[in-house]
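# Structure assessment
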Amino acid sequence: PTPFKRPDLSNLPWFVSASSAMQLRHSSTLMQPAEGSTPWKAKVTAICFAPDNSRMAVVTTDRIVSIYDENGERVDKFSTKPNDKGPKNYLVRSMSFCPDPAQPKLAVAQSDNIVFVYKWTGAPDSIWEGKKSICNKFAGTSPVTSLV
C-alpha cells in the first residue's frame, strides 16, 4: 500500500501552523463580527474541511453555515433547520463534508437529535453554487456530538 502523504496546507488562507514550541501563525481573518452584534452570537460551534481542502464550512451559535473556498472567500451561506420544525433552541455540534469531492454534500449534526445532509444542485461552472436541499435526515434519541 502507498503511505499516506499529508497535503501542503501552508498556502491556504485559513492555515494555522504549530511548531514543537506551539507557536501559531495567523494568516487571515475570515469572519468579522456583525455590526451591533453581541459577543455570544459570534461563537463558532463547528468547523470542517472538505477532504480535498477546496472548501471549509463554519457554523456559529446563530445556526448559520458559511462555506469558504480555498482562497478564503465566502461562496455560500445558509441557515440550518430545526428538527421537525421545532423551536430554534438547538446548536450545530459537528459537520462533515462527503469524502467524494464530486458529491457536494455536507452533513450537519444538531443538538436537537438530528443529522441533516445538505446537497447542492450545482451550476454548470461550479458544483458548489446553485440550489441546496436536504437530501437525507437521520433522527435520533439523543444529540449527536461528532461526525467523521
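Structure: see above.
Residues numbered from 1 in each chain as written. Predicted model: local features only at pLDDT ≥ 70, side-chain atom pairs only at ≥ 80, totals over all residues. Heavy atoms only, no water.

## Some remarks on a positive patch on the surface
Taken together, the side chains of K81, K85, K88 and K137 present a region of like positive charge at the surface. Within the element layout of this structure, K88 appears in the loop between β4 (74-79) and β5 (92-97). (Patch = residues over 30% accessible without salt bridge, like charges linked within 9 Å, V, L, I, M, F, W, Y side chains within 5 Å. Areas by Shrake-Rupley, 256 points an atom, 1.4 Å probe, with all protein chains shown as cover. Salt bridge = Lys/Arg side-chain N within 4 Å of Asp/Glu carboxyl O. Lys, Arg positive; Asp, Glu negative; His and termini not counted. Charge placed at Lys NZ, Arg CZ, Asp CG, Glu CD. Helix = DSSP H or I, 4+ residues; strand = E, 2+ residues; numbered from the N terminus.)

## So, the pairing of strand β3 (residues 64-69)
Within β3, five of the six residues are buried, which leaves the element mostly enclosed by the surrounding structure. Turn length for the strand β2 (residues 55-60)-β3 hairpin, with the two strands adjacent in sequence and antiparallel, is three residues, and the turn residue R63 shows positive phi of about 65°. As paired elements, β3 and β4 share five bridges and run antiparallel to each other. Of the residues in β4, the one forming a bridge with S66 is K77. Counted along the chain from β3 to the antiparallel partner β4, the turn is four residues long, and its residue G72 has a positive phi close to 80°. (Buried < 20%, exposed > 50% of the residue type's maximum accessible area, 1.4 Å probe, protein only. Pairing = 2+ DSSP bridges.)

## Brief notes about the pattern of salt bridges
In this structure the tally under the stated criterion is two salt bridges. E70 is paired through a salt bridge with R55; the nearest N and O atoms lie 3.6 Å apart. Here E70 is found in the loop between β3 and β4, whereas its partner R55 is found in strand β2, with 15 residues between them in sequence. One salt bridge connects D76 with K132, and the closest N-O pair in it is separated by 3.1 Å. Here D76 is found in strand β4, whereas its partner K132 is found in strand β8 (residues 126-139), with 56 residues between them in sequence.

## With respect to a nonpolar patch on the surface
On the surface, a nonpolar cluster with roughly 330 Å² of combined accessible area is contributed by M31, V44, I47 and F49. For F49, the position within the fold is in strand β1 (residues 44-49). In this structure F49 comes out as partly exposed when scored by relative accessible area, which is 40%.

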